[in-house]
Amino acid sequence: MWAKCTGDSVLVILEPKLQKDSFSKFFSGLEEKGYELTFRSPKDVKPAVIEYDEAKFSHVILFAPESKSFAQDVTPQSLVTLLSKHTNLLIALSPRQTPFTSLAAEFSLTLPPPGTPLISHFPTRNEPATVIPVSVAPSDILSPGLSPVWFSGVPFAYQNNPLLVPILNAPAESFASDSESDLGADALVDATDKGGEGLWAGSQLGLVAGFQALGGARATWVGGVELFSDEFFQKDLPGGGKPGNEQFASDVAAWTFQESLALRIDRVEHHRVNETVPGQTYTTNDQVVFTAYISRFNPVKSTWEPYSGIEDLQLEFTMLDPHIRTALPPVRGAPGKYSVTFRAPDRHGVFKFIIDYKRKGLTHLHSSTVVPLVPPRHDGYPRFLSAAWPYYVGAISTSVGFLLFSALWLAGDDRASAKKSTKTE
Amino acid sequence: MATTTAYQVPANLSPTAIANTSSLLRIVALALISAAAIASRLFAVINFESIIHEFDPWFNYRATKVLASEGFYAFWNWFDPTAWYPLGRVVGGTIYPGLMATSGVIFYALKAINLPVDIRNICVLLAPGFSALTAWATYMFTKEMKDESAGLLAAAFIGIVPGYISRSVAGSYDNEAIAIFLLMFTFYAWIKALKTGSAFFGTVAALFYFYMVAAWGGYAFITNMIPLHALALILMGRYSGRLYVGYSSWYAVGTLASMQVPFVGFQPVRTSEHMAALGVFGLLQIIAFAELVRSHVSSKQFRALLFASVIGLGLLGTAGIVGMTYKGWIAPWTGRFYSLWDTGYAKKYIPIIASVSEHQPTAWPSFFMDLQFLIFLFPAGVIMCFRQLRDEHVFVIIYAIVASYFAGVMVRLMLTLTPVVCVAAAIAFSTLLDTYLNPEQPEEETPSAAVPSTAAPSETSSAKKGKKAAPAPATLAELVSNATGPESTKRKTGIFGLDTRLLVILNALGMLVFFVWHCTWVTSSAYSSPSVVLASANPDGSQHIIDDFREAYYWLRQNTPEDAVVMSWWDYGYQIAGMADRPTLVDNNTWNNTHIATVGKAMSSTEEVAYPILRKHDVDYVLIIFGGLIGYSGDDINKFLWMVRIAQGVWPDEIQEPNYFTRTGEYKIDDQASQTMKDSLMYKMSYYRFAELFGGQQAVDRVRGQQVPKTGPTLDYLDEAFTSENWIVRIFQVKKEDLLGRDLKSANSFDQGKKKKRSKPSSRRRAIL
């Protein structure tokens, strides 16, 4: 049994219209990986997704693209709450408008008007124009060298959100329209122009998009649920050959459920050079060593393994603004260890060691360690400065002069007064 | 008897017996005065509890705790990362450590003799304890001016005068608590040094000056008073060797010692405030040298030499100071100094100083409130000083003039006026008593018809009346001893009869009684409130304690993570640090104007503008004071304009004060309030859900006396975390960035289930077409 990175309980909310059997390959693939699947229909009350303010499942698959009514515990708001509780979501859409159409907008995805599926007439094939083979662009999330995948459903436009991770984009010659006939092409252009939205067309449209939420959870939006169906898994491509759907679905699920590209910072350490104990405070201009240990989840062994593959990691030493921003390179020979030595700035204050590593597809790495940077102690300043010699000489000469004067005064008083008195007399 | 007397005095007393009795009476009187001084300051503890008051004392208390628990060197090097987050504060180098060191010494001394006393109790009771010492120091000082009886009167006055009590009630653990004692004692030692020409007393003055420098920023008052006095004496042609020795030993030792305080450092030789002392020191050397030369050369040569050298050196010295100021070696006058001369200066250029209520000019009634009948006697006492005009009297006169001016400029400086008022009033009052208690009558008068048997009881009864009458017998005894002595000069002027004497004396005693009455009343009703705890009266007259501040601070302490940063207006920084133990952005140590202005900007901007500021400073909670529900007028909405002004000083393009007024120029919070006002974070936080409290009735702000709009403001970037019982303290939590990268406003409307408008695809797509 494989223990998963964030847990292995999966709730599948499956529309009654969709047969569980028609997705058997996808589901059994998940079960083979060790996930425990629980099925419920959208209107079922049990099992609840959130109970006593706690998420009951580690992952939720929402395959209800056409349902309009859900049980009370499944709302757009509750799904966002799930994300905040580190539950991963896999959500399928369809051209029909459902409560979750509006949710997509919250994830910075814009859906076309209801009832406008993606249409493409290329390449020439027997299937209807809405069933499209889409070639897969290489991505870290997906296995390399995937064959094109069958897709049928609704495209969406990406808004400007750095948290979005496009996984599959529409073919360049595809477009979204409510009419499937070729005759209405001009009418289509007219209509879209009137809408002021331009033409829903081209490779800028997304079909499958991941979303890396700030809390660490992941959500994946899929334009059509058929992509995961047994039928699409097996349907031959127009040019012959197996489609990549099965592997694609498995990869997408793996990414969504945080099997692949999951990183974490195990711990961070900081101390002065030549010391090992972390300092409570540092003094300005100290040489400070900062070390971070980073692991990556290995889905095969389902363990966290030290990971030294990040080359562009940076460390910031920040008080309001970064006073120091430096590369945090991996240490050779020590897997997973990233370390840097730097001189603390000549400015006291409350500083933070910050690692903020956000890359598309990868788990965001964020670590912030607060440490006060203090001025030197009263006895920590250098003594006997060469620049202060005038003062030393002044002090010493005054002391010596005083001693000499006192000695002369005391010793010479009698005679001097005697002389004086004799002279005056 | 050589002269006629108004009443019988015992004649057969030996001078030793009189001296012994009077000294015993003096000691008893001083002890009683000390007891009265301490006792009257305990109102705060009795009415409320043994608690640290107000704002600054909370910091002093916290610092003292560090000193007591971690030792002196840790305190010396203390860097406080929780204050002025994230700048931090080098506490050891930015405070006057005298107060904490005093408490620490007392704490360790008591511990050494196995008396474990809680450091809090030492802090609370330090001010009353030192007020007793102040009474003693004032006694010594006044004794030098006139005599012991005036000294006792002055001690009694300073012991209970409200002007000093206002800063030294139990729990008012502030620098002023010990500073007034040090001030008076330094002055005493200076007068003593001047009178005797003793280097020893000059050094004593210097040591106490050092203590004063270590204790209070007001030491600059001494730094300028003593040179001023010396200069006045020189100009009056009263230069003497005594002056030279006293001043030189005070200045040399005192300045070197004061430079050991890290916060002062090289200021005594680098800033304009200290230049007077240096200049007078140089002048004294020149004059001393001139005197030396004069004793060796002929007077004609000397005159020419003097003329040339004085002019030459004077020009050289002035040019030197001006040149060094110009070159930046000497810092020019600071803004705080200018604000003493031009009361409008601070408001124009340094709003942060003007925003403090104790920096406002003094209102007339407060002179009477703080000094009562002493303020009438004060000029009389100053005139009495002119009658003799010895060197030390010049000091009192200068002190009186300077302190009167400063007290008129700033409420806070009433404190420095109070001692000299007590001294001058005591001189006047004791002269009055001397005159009217003197049993001698002028010569021309026929023998007195007064009955001695009635005079004696009145005298004893007045002696019994209390400590203030105590000096009378001593004075009387001396006078009598003088009268019975060999002195035989006949008096031409004087008082006839007993009735006149009784009338005046009874009147004077009545004034004293009313003074005591007034002081007690003012102390108990006005100056003993800790301001952390508020008191109000129930309908049945019993006391009702409003404890919102501590309620809220303890909530913070117990419900928030230890490193949660709290933003509030700077007034509450020390209290939050002291009671809630949480990092604060700004506090009462207003050393960084920009940081305060940042908080001001966050408070006076819209949520959208404020949020990035809050996030940048890692703010977790925002704390505000709101008095609208119970009518607590010292709340943040009333201080709000200062926040705006201070922010405007730094960001004149973004924050503009006129925007916060209505179109007719009024400061309003009701429906007519300007949009900028309504959008400001401070307004939103203050009135968030306020109208709901009235259940559909018209919501009324009791401080402003205005009606609050029925639909209150909404908050998207903050969550209400806590509101205290009477709504005085409201705490808001700053939300984290949205999970999905949305702005919090739209996230909030999504959470509330509002339908989002179907957004159009981003322009990126259109650009391709």
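The rules behind these values
Residues numbered from 1 in each chain as written. Chains lettered and ligands numbered in written order. Predicted model: local features only at pLDDT ≥ 70, side-chain atom pairs only at ≥ 80, totals over all residues. Heavy atoms only, no water. Helix = DSSP H or I, 4+ residues; strand = E, 2+ residues; numbered from the N terminus. Buried < 20%, exposed > 50% of the residue type's maximum accessible area, 1.4 Å probe, protein only. Contact = heavy atoms within 4.5 Å. Areas by Shrake-Rupley, 256 points an atom, 1.4 Å probe, with all protein chains shown as cover. Rg over C-alpha atoms; globule rule 2.2 N^0.38 Å. Lys, Arg positive; Asp, Glu negative; His and termini not counted. Charge placed at Lys NZ, Arg CZ, Asp CG, Glu CD. Domains from an automatic or database assignment. Salt bridge = Lys/Arg side-chain N within 4 Å of Asp/Glu carboxyl O. Pairing = 2+ DSSP bridges. pLDDT = per-residue confidence, 0-100. Phe/Tyr/Trp six-rings, centres within 6.5 Å; stacked < 30°, edge-to-face > 60°. Lys NZ or Arg CZ within 6 Å of the ring centre and 35° of its normal. Buried area = accessible area lost by both parts, 1.4 Å probe. Polar contact = N/O pair within 3.5 Å; in protein donor to acceptor, adjacent residues only side chain to side chain. Nonpolar A, V, L, I, M, F, W, Y, C, P; charged D, E, K, R; others polar. UniProt positions renumbered as here; feature names shortened; annotations may be inferred. Axes fitted to C-alpha atoms, helices over the stretch in contact; angles between N-to-C directions. Parallel < 35°, antiparallel > 145°, perpendicular 65-115°, else oblique. Left-handed = near helix turned anticlockwise from the far one by under 90°. Arc of directions from axis to C-beta. Expected span 1.5 Å × (residues − 1).

Trainee: It is not clear to me how the overall build of chain B should be interpreted in this structure. Could you clarify?
Mentor: If you tally the helices and strands in chain B, you get 35 helices and 10 strands. Considering only C-alpha atoms, chain B reaches an extent of 120 × 75 × 60 Å along its principal axes. By residue count, 53% of the 769 residues in chain B fall in the buried class. Looking at chain B alone, contacts between residues at least 24 apart form 73% of all its contacts between residues at least 6 apart. On chain B, roughly 33,300 Å² of surface is accessible, and the fraction owed to carbon and sulfur atoms is 62%.

Trainee: Any chance you could explain the overall build of chain A here in plain terms?
Mentor: Check the secondary structure of chain A and you find 7 helices and 24 strands. Computed over its C-alpha atoms, the radius of gyration of chain A comes to 35 Å, more than 25% above the 22 Å expected for a compact globule of 425 residues. Projected onto its principal axes, the C-alpha positions of chain A cover 145 × 55 × 45 Å. Residue pairs in contact within chain A that sit at least 24 positions apart in sequence constitute 71% of those at least 6 positions apart. Of the roughly 20,500 Å² of accessible surface on chain A, a fraction of 55% belongs to carbon and sulfur atoms. In chain A, which carries 37 positive and 45 negative side-chain charges, the distance between the mean positions of the two groups comes to 11 Å.

Trainee: Can you help me understand the domain arrangement of chain A in this one?
Mentor: Interfaces are often described in size by the accessible area the parts lose on coming together. Segmentation of chain A into domains returns domain 1 (9-256), domain 2 (263-374) and domain 3 (388-424). Between the C-alpha centres of domain 2 of chain A and domain 3 of chain A the distance comes to 65 Å.

Trainee: Which parts of the structure should I look at to understand the pattern of salt bridges?
Mentor: Oppositely charged side chains can pair when the atoms bearing their charge come close. Residues and elements named next belong to chain B. As enumerated under the stated definition, the model contains 48 salt bridges over all chains in all. Of the charged contacts in the structure, one is a salt bridge between Glu607 and Lys684, with a shortest N-O distance of 3.0 Å. Of this pair, Glu607 sits in helix H30 (residues 607-616) while Lys684 sits in helix H33 (residues 681-687); the two residues are 77 residues apart in sequence, bridging distant segments of the chain. Neither Glu607 nor Lys684 differs from the other in exposure class; each is buried. A salt bridge links Glu737 to Arg615; the nearest nitrogen and oxygen atoms lie 3.0 Å apart. Pair noted here: Glu737 is in the loop between strand E10 (729-734) and helix H34 (744-751) and Arg615 is in helix H30, with a separation of 122 residues, a long-range link. A relative accessible area of 23% places Arg615 in the partly exposed class. In the salt-bridge network here, residues are joined through shared partners; they are Glu144, Lys192, Lys195, Arg390 and Glu392.

Trainee: Would you take a moment to explain the sheet that holds strand E20 (residues 314-319) of chain A for this structure?
Mentor: Backbone hydrogen bonds hold the strands of a sheet together, and the pairing may be parallel or antiparallel. Residue and element names in this part refer to chain A. Read across the sheet, 5 strands follow the order E17-E24-E23-E20-E21 without closing on themselves; strand pairing throughout is mixed. For this open sheet the edge positions go to strand E17 (282-283) and strand E21 (321-327), each flanked by a neighbour on one side alone. Taken together, the 3 bridges between E20 and strand E23 (residues 349-357) define a ladder with antiparallel strand orientation. The partner of Thr318 across the bridge, within E23, is Lys352.

Trainee: Would you explain the confidence of the model for chain B in this entry?
Mentor: Interpretation of this model should avoid reading the predicted coordinates in detail wherever pLDDT is low. All names here are of chain B. For chain B, per-residue confidence averages 84 on the pLDDT scale, and residues scoring 70 or more make up 90% of the total. Averaged pLDDT values over the elements of chain B bottom out at 40 in helix H35 (residues 763-768) and peak at 94 in helix H11 (residues 199-215). Below pLDDT 50 for its whole length, residues 479-489 participates in 8 contacts with residues either more than four positions away or in separate chains. In the predicted structure, residues 762-769 sits below a pLDDT of 50 and forms 15 contacts with residues beyond four places in sequence or in another chain.

Trainee: Could you clarify how one ought to interpret the packing of aromatic side chains in this entry?
Mentor: Where two aromatic rings form a pair, the distance of their centres and the angle of their planes describe that pair. Here the structure, examined in full by the defined rule, presents 74 aromatic pairs over all chains. Relative to Phe690 of chain B, the ring of Phe626 of chain B has its centre 5.2 Å away and its plane inclined at 80°; by these criteria the two rings are edge-to-face. One end of the pair, Phe626 of chain B, is in the loop between strand E6 (619-625) and helix H31 (636-650); the other, Phe690 of chain B, is in the loop between H33 and strand E7 (699-701), with 64 residues separating them in the sequence. The exposure class of Phe690 of chain B is buried, given its relative accessible area of 0%. The lysine or arginine in question, Arg296 of chain A, covers the ring of Tyr307 of chain A, its NZ or CZ lying 5.0 Å from the ring centre.

Trainee: What am I meant to see in the interface of chain A and chain B here?
Mentor: At the interface, 45 residues of chain A touch 32 residues of chain B. Both faces combined, the contact of chain A with chain B buries some 3,400 Å², and carbon together with sulfur accounts for 60% of it. The interface formed by chain A and chain B includes 3 salt bridges. Salt-bridge contacts for Arg742 of chain B lead to Glu106 of chain A; the nearest nitrogen and oxygen are separated by 2.5 Å. On inspection of chain A and its partner chain B, the count reaches 7 residue pairs in polar contact (both at pLDDT 80 or more). If you list the elements that add at least two residues to the side of chain A that touches chain B, you get helix H2 (76-84), helix H3 (99-106), strand E11 (156-158), strand E14 (205-212), E23 and strand E24 (365-374) of chain A. With 5 residues, H2 of chain A is the largest single contributor of residues to the side of chain A that touches chain B. The class makeup of the residues in the side of chain A that touches chain B is 27 nonpolar, 12 polar and 6 charged.

Trainee: Explain unusual backbone geometry to me, please; I cannot follow it from the model alone.
Mentor: What is expected of a backbone is that most residues other than glycine have negative phi and most peptide bonds are trans. Residues and elements named next belong to chain A. Of note, the bond from Lys46 into Pro47 is cis; its omega dihedral lies within 30 degrees of zero at -10°. Of note, Pro47 is situated in the loop between strand E2 (36-40) and strand E3 (50-51). Following Phe122, the chain continues to Pro123 via a peptide bond in cis, the omega torsion being -15°. Within the secondary structure, Pro123 sits in the loop between strand E8 (118-119) and strand E9 (132-134).

Trainee: Help me out: how do you make sense of the pairing of E23 of chain A in this one?
Mentor: Looking along a regular strand, one sees the side chains alternate between the two faces of the sheet. All names here are of chain A. Counting buried residues along E23, 8 of its 9 residues qualify, which places the element largely inside the surrounding structure. Bridge count between E23 and E24: 9 bridges; the pairing is antiparallel. Bridge assignment links Gly349 to a residue of E24, and that residue is Leu373.

Trainee: What exactly am I supposed to notice about the UniProt feature "transmembrane region" (unreviewed entry) in chain A here?
Mentor: Feature annotation in UniProt assigns "transmembrane region" (unreviewed entry) to the following positions: residues 389-411 of chain A. The span residues 389-411 of chain A is 100% helix and 0% strand, and its two end C-alpha atoms sit 32 Å from each other.

Trainee: Help me out: how do you make sense of the packing of helix H27 (residues 548-559) of chain B against helix H28 (residues 573-580) of chain B in this one?
Mentor: To describe two helices that pack against each other, one gives the angle between their axes and the distance between the axes. All names here are of chain B. In the contact formed by H27 and H28, the axes pass within 9 Å of each other and the chain directions differ by 60°. Relative to H28, the element H27 lies oblique. In this structure, H27 meets H28 at a crossing whose hand is right-handed. Facing H27, whose interface residues are Phe549, Arg550, Tyr553, Tyr554, Leu556 and Arg557, H28 presents Gln575, Ile576, Gly578, Met579 and Ala580. Classifying every residue of the contact of H27 with H28 by side-chain character gives 7 nonpolar, 2 polar and 2 charged.

Trainee: Help me understand helix H20 (residues 364-371) of chain B, please; the structure alone is not making it clear to me.
Mentor: For an α-helix the count is 3.6 residues per turn, leaving residues at separations of three or four pointing the same way. All names here are of chain B. Buried residues of H20: Phe367, Asp370 and Leu371, and no others. The buried residues of H20 occupy one face: seen down the axis, they fall within an arc of 80°. Of the residues trailing H20, Gln372 is marked for its positive phi of about 45°.

Trainee: Would you mind going over helix H26 (residues 498-525) of chain B with me for this structure?
Mentor: Taking 1.5 Å of rise per residue, 28 residues should cover 40 Å, and H26 of chain B covers 40 Å from first to last C-alpha, within 8% of that figure. Buried within H26 of chain B we find Leu498, Arg501, Ile505, Ala508, Leu509, Leu512, Phe515, His518, Cys519, Val522 and Thr523 of chain B.

Trainee: What's the story with the sheet that holds E6 of chain B in this structure? I'm lost.
Mentor: All names here are of chain B. As summarised here, the arrangement of the 4 strands in space is E5-E6-E10-E9, forming an open sheet in which the pairing is mixed. What marks the edges here is a single partner per strand, and that holds for strand E5 (565-567) and strand E9 (718-723). Within the sheet, the average angular offset between the axes of one strand and its neighbour, ignoring direction, is 30°. The pairing of E9 with E10 spans 5 bridges and is antiparallel. Residue pairing across strands places Phe722 opposite Ile731, the latter belonging to E10.

Trainee: What exactly am I supposed to notice about the pairing of strand E1 (residues 9-14) of chain A here?
Mentor: Residues and elements named next belong to chain A. Across the 6 residues that make up E1, a large majority, 6, are buried. Taking every second residue as pointing to the same face, both faces of E1 are buried, with Ser9, Leu11 and Ile13 on one and Val10, Val12 and Leu14 on the other. In this structure, E1 lies alongside E2, joined through 5 bridges in parallel fashion. Paired with Ile13 across the two strands is Arg40, which belongs to E2. Pairing between E1 and strand E5 (residues 59-63): 5 bridges, direction parallel. Looking at E5, one finds that Val10 is bridged to His59.

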